[in-house]
Amino acid sequence: MIVILKNDADKQKVEILAQWLQNQQVEIHKSVGEYTTVWGLVGDTSRIDTDLIEGLEIVEGVRRISEPYKQANRKFHPDDTVIDLGGGVKIGGGNFQFFAGPCSVEGEEQIIGIAESVKASGANVLRGGAFKPRTSPYAFQGMREDGLKLLLEAKKITGMPIVTEIMDASHIDLFEDVDVIQVGARNMQNFELLKELGKTDKPIFLKRGLSATIQELLMSAEYIMANGNNKVILCERGIRTFETATRNTLDLSAVPILKEKSHLPVVVDPSHASGIARLVKPMAYAAAACGADGIMIEVHNDPAKALCDGPQALTPEQFAEVTKGVEKIISAVKE
Ligand code: PEP
Ligand code: MN
């Protein structure tokens, strides 16, 4: 249930209402916007009489919401959430960002070289996997802690915030200096991990599961938010369908739907969605045109020799072309 308070509501009366609601065993999540204050009531609201609350002079309106996610719900938080990804790099509410870098950190020269070139082409956040979720246990598993150290070095040199994937809650301490923690598609419903990440204050880059519905993605965001961390970025990275021409099927309609249903920023990853380098540019353009708040692209200095996901990686030069085109699309579709 959502309670919208009047702009000039008497503070004492507001406090009395809050006390009364808390006595009914519901928790109040307050969202104070520039023009409206919205309370999201979490718990069993079935016995609360909406007419009674609606009749109070301090209340503008009351709505029962049917979606099972509250904190991620736009009804509860009408304004777009803007998240600082580190060093003042913001996403959401009209701030668009490029996340770029290799699938995996493979060495010092590789990650620093790529970081410098993607930065020069307009990327503001460096991505790179240190802990890699691979289908085969015999495939390269990532440089792990050493990979994290190299990412931190690239951050020091370029000043770019970094995003990298976590696979297990027991690793959280290792991510202390990481700016944004990625939860990969395969862990989208690792609820214990989500709960632990909810106790941190880091932005969480949450990728849609391989066969997850939009509502399931939002429920996973809710797990993080219900544990105290509101800084969640949603990522559409393609879903598994019967189609085999691409690695996954990019569900672009998820972007406007997510933005309608939620206030959280939405990023599109055309690299994992298509699995094919030449499709990354057109899909990135489409993502920008349909309202994404950012794009994540895999970039490698030598895609043919990449230890992971080479066929979908762009060279730094190809990435530079994409950023230029995307900028044009963003200004063309701006209202
Ligand atoms: C990645 O971003 O490198 C990755 C493994 O992506 P996903 O979890 O979307 O497969
Ligand atoms: Mn990858």
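Residues numbered from 1 in each chain as written. Chains lettered and ligands numbered in written order. Predicted model: local features only at pLDDT ≥ 70, side-chain atom pairs only at ≥ 80, totals over all residues. Heavy atoms only, no water.

**Comments concerning the environment of Asn7**
And then number 1: Turning to its location among the elements, Asn7 is positioned in the loop between strand S1 (2-5) and helix H1 (11-23).
And then number 2: The class for Asn7 is exposed, based on a relative accessible area of 63%.
And then number 3: Distance from Asn7 to Glu34, taken between C-alpha atoms, is 9.5 Å for residues 27 residues apart in sequence.
And then number 4: Those residues within four positions of Asn7 in sequence are excluded, and the remaining contacts are Tyr35 and Thr36. (Helix = DSSP H or I, 4+ residues; strand = E, 2+ residues; numbered from the N terminus. Buried < 20%, exposed > 50% of the residue type's maximum accessible area, 1.4 Å probe, protein only. Contact = heavy atoms within 4.5 Å.)

**Quick look at the domain arrangement of the protein**
And then number 1: According to the domain assignment, the protein consists of domain 1 (2-63) and domain 2 (83-334).
And then number 2: The gap between the C-alpha centroids of domain 1 and domain 2 is 37 Å. (Domains from an automatic or database assignment.)

**Considerations on the sheet that holds S1**
And then number 1: Taken in spatial order, the four strands make up an open sheet running S2-S3-S1-S4, and their pairing is antiparallel. Every other strand in the sheet has two partners, leaving strand S2 (27-32) and strand S4 (59-63) as the edge strands with one partner each. The mean inter-strand angle of the sheet, taken between neighbouring strand axes irrespective of direction, is 20°.
And then number 2: Alignment of S2 against strand S3 (residues 37-42), held across six bridges, turns out to be antiparallel. (Pairing = 2+ DSSP bridges. Axes fitted to C-alpha atoms, helices over the stretch in contact; angles between N-to-C directions.)

**Notes on helix H6 (residues 214-226)**
And then number 1: Look at H6: 18 Å from first C-alpha to last across 13 residues, which is about the 18 Å you get at 1.5 Å a residue.
And then number 2: Those residues of H6 hidden inside the fold are in contact with helix H5 (191-198), strand S11 (204-207), strand S12 (232-236) and helix H7 (254-261).
And then number 3: Phi turns positive, to about 110°, at Gly228, one or two residues after H6. (Expected span 1.5 Å × (residues − 1).)

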